[in-house]
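Survey of secondary and tertiary structure
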Amino acid sequence: MTFNIAHLKSLSNVLVSPINFDFWNHTGSQMNLFSPWLTILTGWMFVQFNVIYGFSVYLTIVTFLTLVSAYFFMNKFHKDTFEALLFAIGYTFSLNRLLLVFSNQRLENYLVLIFLPMVYFGAYQFFTNHAWKTLVWGEALIVWTSPYVAIAVAATLVVAFVLMPFSRLSHSWNYVKKTSLNVLKVISMGVITTIGFIGPLVMKQLNSKWQQDPIKNFDYLDWFAKLQLSRMQWYLMIAISVLLLLLILMIFLQSSFAYKIIIFEMIPIACLLILQPKISNVDISRLIFAFQSIFDFFFIMVLCRMIMLVFQESPAILKLVILLISIGGLGYVNYSQVSTSPKRSLEMADSVDYKKFVVNYHDVAQKNNNKFLINGKQEKVSYYTKGSDYWIQYINPQTTTIDIPIQYSPNYQIQINNESVSAKKTKQNTVQLKTNPGKSIIEIHSRYDWWGLGFLLVNLFGFMLLIYFSLQNIPLKNKKNPENS
């Protein structure tokens, strides 16, 4: 969890600049430029006073919001309290989410689970009722949380759009006209509500190419090959698989068109997770990881529908027993997984120096281990940082070339003895300056450039516009004033 704590603490000045010189070992990491910060910013206030209790409370709130989101949108989708409760419990306390918290330990990967029910309910409304606001809200929040999940969600929505002609609902010119108009609304509103993150990222990519290191996903084929099962166990597994396929087929035949699309989309996603294909010069490992959360979401929806169809004529007391068994079973599985694996623990403490925590997030500067180079030789130099500002004091009777171990950015405002100067970029992607003879007070201030500010303002306008459109759908009761009042 050290990475998450450092990330949250480094957001203290994100509204002024994405760069915080206090953290990431004072390297001027552009982490907050590459990683969306709007939704993650909510956790910043919790870790200011006490890291352990604050972050634990924050995780609890995230879990509660995931539970509420899953129940609320599932209940609106199917209007069945039992199915909504069953889905919310299974989705919030699934093994996939447990592994995201205790194994992967990246805040955005389980924070984004709050918005998956929203975006898919929004997609359902988009294709059935021509409503587009919920879909835009869900997709925008996912982009501002986990861009790879946003790409995976967009891919599933494109597949759903392609399959819609097989539904009788779409067999009219009026439907095609309204859907086409709403597609333009979704795309345009989606762009202006995410441009504050996407815009600076694209500008950065145009100036300097960067590529993330691939991550290692769970290898299902290797895990399956290592299973040492007896012949009877193999027969039992085949029988269970056949029964599961028959139940899925029953759901496919008896459920609505929305479930048919979900089951159809689960097939290529499952193949992608199992085979994990490689594409030359393109890293899709994080995209595969994103599809894992979406597959988990779809699978729990289908599983809940399966339980509903099997026990639809059962009395209420039996449904209550099923809920209690689900809560107890998932609670036991989660507890056993955490207690039996020593690696799955939340390692965090107030004594950890989060400012010196360094992650190689495409930052060549941090490889210098915070060493200053004076005319190519290492030398100790006094410096001071505060948020997006960096001060250096260096005394030398001669003019020297100083390499400062911070990542180069063209947006820096640099002054030496109150005079503005320009910096050069070294081969290590660090900042290089010429000092003055005698005492040199070097000031480096990081701020958003005009492009970044413009993108953020457009993004703010987009959210205000989306809020305005959303409020138009809320019915307001007009109170009638009595006569002669």
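Heads up: the structure comes first, above all this text.
Quantities reported herein were computed from a predicted structural model and do not represent experimental measurements. (Residues numbered from 1 in each chain as written. Predicted model: local features only at pLDDT ≥ 70, side-chain atom pairs only at ≥ 80, totals over all residues. Heavy atoms only, no water.)

What follows is about the packing of aromatic side chains. Each aromatic ring pair is characterised by the separation of its centres together with the angle its planes make. Counted under the stated rule, the structure contains 28 aromatic pairs. The interplanar angle of 85 degrees and the centroid separation of 5.6 Å between the aromatic rings of F87 and F297 together place this pair among those described as edge-to-face. In this pair, F87 is assigned in helix α4 (residues 81-92) and F297 in helix α15 (residues 285-310), connecting sequence segments 210 residues apart. Note on accessibility: F87 and F297 belong to one class, buried. (Phe/Tyr/Trp six-rings, centres within 6.5 Å; stacked < 30°, edge-to-face > 60°. Helix = DSSP H or I, 4+ residues; strand = E, 2+ residues; numbered from the N terminus. Buried < 20%, exposed > 50% of the residue type's maximum accessible area, 1.4 Å probe, protein only.)

Now for the sheet that holds strand β3 (residues 382-386). Spatial strand order, β3-β4-β10-β6-β7: five strands in an open sheet with antiparallel pairing. The outermost strands of the open sheet, each flanked by one partner alone, are β3 and β7 (419-421). Within the sheet, the average angular offset between the axes of one strand and its neighbour, ignoring direction, is 25 degrees. (Pairing = 2+ DSSP bridges. Axes fitted to C-alpha atoms, helices over the stretch in contact; angles between N-to-C directions.)

Our focus in this paragraph is a nonpolar patch on the surface. A cluster of nonpolar side chains, contributed by M232, Y235, I238, V242, L246, L249, F252 and L253, occupies part of the molecular surface with about 830 Å² of accessible area. If you trace the backbone, V242 turns up in helix α13 (residues 231-254). Looking at V242, the relative accessible area reads 44%, which means it is partly exposed. (Patch = residues over 30% accessible without salt bridge, like charges linked within 9 Å, V, L, I, M, F, W, Y side chains within 5 Å. Areas by Shrake-Rupley, 256 points an atom, 1.4 Å probe, with all protein chains shown as cover. Salt bridge = Lys/Arg side-chain N within 4 Å of Asp/Glu carboxyl O.)

Moving on, we come to helix α17 (residues 450-471). An ideal rise of 1.5 Å per residue puts 32 Å on 22 residues; α17 measures up with 31 Å between its terminal C-alpha atoms. Burial in α17 covers these residues: G452, F455, L456, N459, G462, F463, L466 and S470. Buried positions in α17, seen along its axis, are confined to an arc of 115 degrees and lie on one side of it. Structural note: α17 exposes W450, L457, F461, M464 and L471 on the side pointing more than 90 degrees away from its buried face. (Expected span 1.5 Å × (residues − 1). Arc of directions from axis to C-beta.)

This part takes up the nonpolar core. In terms of nonpolar packing, the biggest core is built from 100 residues, with F55, Y110 and L116 touching the most fellow members. Looking at which element gives the most residues to this core, the answer is α15, with 15 residues. If near-sequence neighbours (up to four positions away) are discounted, Y110 is found in contact with M1, N4, F55, L59, V62, L100 and V101. F21, F372, I374 and I406 belong to the second largest nonpolar core, which has 19 residues in total. (Core = buried A, V, L, I, M, F, W, Y, C linked by side-chain atoms within 4.5 Å. Contact = heavy atoms within 4.5 Å.)

In short, shape yes, function no, at least from these values alone.
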